[in-house]
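Notes for the structure review
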Amino acid sequence: MIKEYYQPLKLAEALTFLSVFPGPVHILAGGTDLLVNMRKGQIKPEGIVDLSKIEELKTISQEGDNLSIGALVTFSELAAHPLVQELISVLACGAKAVGSPQIRNRGTVGGNIANASPAADLVPVLVALDGVAVIAKQNGLRKVPVAELIVGPYKTSLEPGEIIIRIEVNVPPKGTGMAYKKVGRRNALAISRLNGVCLLKLEDEIIKDVSLIIGSATPTPHRFTDVEEYLVGKNISQELLEEAGVMAREHVLAVTGKRPSSNYKLPVVERLTVRLLQVAWKGDKAYA
Amino acid sequence: MPELKICFNLNGREVTVMAPPDMTLLELLREKLDLTGTKKGCEIGECGACTVIINKKAVNSCMVLVPQVEGTEVITVEGLSQNGELDSLQQSFIKNHAIQCGFCTPGMLMSAKALLMNNPNPTKEEIKEAISGNLCRCTGYIQIIKAIASASK
């Protein structure tokens, strides 16, 4: 039974409410996860703080080498934003992979992180970009890498009274190749069976920098640093990418152990890795 | 908790309603306002039958709590016709046989309407994308896509 529904217009008001309300409070942003869980009876909030009217959390801006994305920015807004399309197109790809148009019009970037689903579509992109969540509570701010904020399936290290207010991601250097793919039962409304993101910076065919994540394959999204370290400094070639595919497969197996789905998932992890690297290398035409 | 007073624009008219804060927009429309054109399907945001337009965007009304519509403009399928005349999109659905059982139709119409409000001349791919969150289990999508395309011309 809801005892209190609070709809502040300012972040400060939301933080004050959270600091004084005694019962379990749920934060409502886009509602696309919370309302499903409430309907299933899995969540019975006593208090709801509805952030949807707080305009200061809905902006996207460039600050030096960073792009700052308000936590209440919806997936549709993120995908359509000129700065995103120009600077980090892979963010738009991740945002477009979410649910359906209706879900993308409601669901938010901050919510995707706070819900911490292992199958989140956008979170792997944020992690690949070394995204940092800026978290507010009544007496200050803290910054935590998105990869550390998510500590397990549907678990974050957010404490009561805290709200994710924005995410800061690095703008990749010019000429960075980017790729995002989602593997699901169909294009729309599918929960990711697997997804993946790759950022690749080459200099004269030598791999200078690479960020690789296969998402929905492990309990929490994280960069596959073993694969990345193997690739950096090497001459790019199809053979090298095939090796990376095998390594990614072994990485997932090492994290999750053998599971009933492994026979199906692991070969796809391998091919998805190769494909992501190829698209980041040669563009979409690599698989046209 | 007592009911909250919510003011918003519904199909071109300002309305004020009293509703419990955990009521969804879908429930409000169907149970309190007798606007049963908006259909109740899965109630978890997967079927699109409850699609309405809020501030020119298609959304699942089952995924919106009533207090969230405060100050917004909401259009339901009942708001499409003007002065007793069906909207050109509705006429196109009839002309192109884009209706069979009719259950998905209001949601399809609202997703299509939101598309045309923002993009009057969509490509076939854009039409498919716009209705990708709406399930139809009988007509098939081809007539629906055709109906939307011909309404946009």
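Quantities reported herein were computed from a predicted structural model and do not represent experimental measurements.

Overview of the sheet that holds strand β1 (residues 4-6) of chain A
Residues and elements named next belong to chain A. If you trace the three strands from one edge of the open sheet to the other, you get β1-β3-β2, paired in parallel fashion. In the strand order of this sheet, the two ends are held by β1 and β2 (25-28), each with one partner. Each strand of the sheet is rotated relative to its neighbour by a mean of 15°, with strand direction disregarded. Bridge count between β1 and strand β3 (residues 47-50): three bridges; the pairing is parallel. Of the residues in β3, the one forming a bridge with Y6 is V49.

As for the environment of A:E203
Tracing the backbone through its elements, the reader meets A:E203 in strand β12 (residues 194-203). Along the primary structure A:E203 and A:I236 are separated by 33 residues, whereas in three dimensions their C-alpha atoms are 10.0 Å apart.

What to know about the domain arrangement of chain B
Put simply, an interface is often sized by how much accessible area is lost when its parts join up. All names here are of chain B. Split by domain assignment, chain B resolves into domain 1 (4-76) and domain 2 (88-152). Measuring from the centre of the C-alpha atoms in domain 1 to the corresponding centre in domain 2 gives 21 Å. Taken together, the contact pairs 16 residues of domain 1 with twelve residues of domain 2. Sorting the residues of domain 1 by area buried against domain 2 places T51, I53 and K56 first, and these three jointly supply 38% of that buried surface. On the surface where domain 1 and domain 2 come into contact, there are zero salt bridges. Connecting domain 1 to domain 2 are five residue pairs in polar contact (both at pLDDT 80 or more). Put simply, the parts of the chain that give the side of domain 1 that touches domain 2 at least two residues each are β3 (51-54) and β4 (57-60). With three residues, the top contributor of residues to the side of domain 1 that touches domain 2 is β3. For the side of domain 1 that touches domain 2, the per-class residue count stands at six nonpolar, five polar and five charged.

Description of the interface of chain A and chain B
Each partner contributes residues to the interface: chain A has 30 residues there, and chain B has 33 residues. Carbon and sulfur atoms make up 57% of the area that chain A and chain B hide from each other, which totals about 2,400 Å². The salt bridge partner of B:E129 is A:R104, with a shortest N-O separation of 2.3 Å. In this assembly, chain A and chain B are joined by twelve residue pairs in polar contact (both at pLDDT 80 or more). Counted by class, the side of chain A that touches chain B contains 13 nonpolar, eight polar and nine charged residues.

Conventions we followed
Residues numbered from 1 in each chain as written. Chains lettered and ligands numbered in written order. Predicted model: local features only at pLDDT ≥ 70, side-chain atom pairs only at ≥ 80, totals over all residues. Heavy atoms only, no water. Pairing = 2+ DSSP bridges. Helix = DSSP H or I, 4+ residues; strand = E, 2+ residues; numbered from the N terminus. Axes fitted to C-alpha atoms, helices over the stretch in contact; angles between N-to-C directions. Domains from an automatic or database assignment. Contact = heavy atoms within 4.5 Å. Buried area = accessible area lost by both parts, 1.4 Å probe. Salt bridge = Lys/Arg side-chain N within 4 Å of Asp/Glu carboxyl O. Polar contact = N/O pair within 3.5 Å; in protein donor to acceptor, adjacent residues only side chain to side chain. Nonpolar A, V, L, I, M, F, W, Y, C, P; charged D, E, K, R; others polar.

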